[in-house]
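Okay, here's what each chain looks like letter by letter:
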Amino acid sequence: INKNLDSLRLSNIDQSLGISHRFQDNYSNDIKFQNTALELETKSKNIDSLRLSNTYANLGRIHFSQGNLLEAIENYEKSVDINEKKSGIESVKGAHTYCELGEAYTYYGNYPKAMYNYNLALEKFTSYLGLEHRFVADVYDGFAKVLMKERKFAEAKEYIIKAIQIYKNNYDTEHFSI
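Description of the structure in this document. (Residues numbered from 1 in each chain as written. Predicted model: local features only at pLDDT ≥ 70, side-chain atom pairs only at ≥ 80, totals over all residues. Heavy atoms only, no water.)

Description of the pattern of salt bridges
According to the stated counting rule, one finds 5 salt bridges in the structure shown. Here Glu84 and Lys124 are joined by a salt bridge, their closest N and O atoms 3.2 Å apart. Residue Glu84 is found in helix H4 (residues 69–84), and its partner Lys124 is found in helix H6 (residues 111–129); the two are separated by 40 residues along the sequence. Where Lys152 meets Glu150, a salt bridge forms, and the shortest distance between an N and an O atom there is 3.7 Å. Since its relative accessible area comes to 38%, Lys152 is described here as partly exposed. (Salt bridge = Lys/Arg side-chain N within 4 Å of Asp/Glu carboxyl O. Helix = DSSP H or I, 4+ residues; strand = E, 2+ residues; numbered from the N terminus. Buried < 20%, exposed > 50% of the residue type's maximum accessible area, 1.4 Å probe, protein only.)

Re a nonpolar patch on the surface
On the surface, a cluster of nonpolar side chains totalling about 310 Å² of accessible area is made up of Met148, Phe153, Ile160 and Ile164. Top element by residues in the nonpolar patch is helix H8 (residues 153–170). It accounts for 3 residues. Take Phe153: it is sitting in helix H8. (Patch = residues over 30% accessible without salt bridge, like charges linked within 9 Å, V, L, I, M, F, W, Y side chains within 5 Å. Areas by Shrake-Rupley, 256 points an atom, 1.4 Å probe, with all protein chains shown as cover.)

Digging into the nonpolar core
The biggest cluster of nonpolar side chains holds 28 residues, and the ones touching the most others in it are Ala121, Phe125, Val139, Tyr140 and Phe143. Elements represented by at least two residues in this core include exactly H4, helix H5 (90–108), H6, helix H7 (134–149) and H8. Once you skip the residues sitting within four places of it in the chain, Tyr140 turns out to touch Leu122, Tyr159, Lys162, Ala163 and Ile166. Leu52, Leu59, Ile62 and Ile82 belong to the second-largest nonpolar core, a separate cluster that totals 7 residues. (Core = buried A, V, L, I, M, F, W, Y, C linked by side-chain atoms within 4.5 Å. Contact = heavy atoms within 4.5 Å.)

In structure tokens:
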């Protein structure tokens, strides 16, 4: 029996169990399972950095959902730090966490950091997926939210229009995003 492999499998199960609790708004159990996954991952001899990054992102999502913005930001930061050490398509997955970090900083009121993280996400998405991908539209939507908070409505409108155009190009006109 490979105990290292077993602990990584258990980590994956704990992540999934935690997420299932999150969908039921049972955040305390989600945190418990994510922390168990984190413990298994950090004790593993062959740390799977992508799995570890996902666990930190999951913890960030839980804390964000509960309004614990500083804890969310801390976990998202850990996740993107791990992802920065990766290259290739895995960086696209990390770009989603940059978006979540941008959103957390927006709600926290740190608009420069929000824009910085949205820009990192945009850079990764466009370099791997192109300018017309729906994830790029999601970043433009994030830019617009920050700009509206800053009361820069004309600039926000430009990003909203860009996002809508990309959504129209990616979905039929009955899609909820349009």
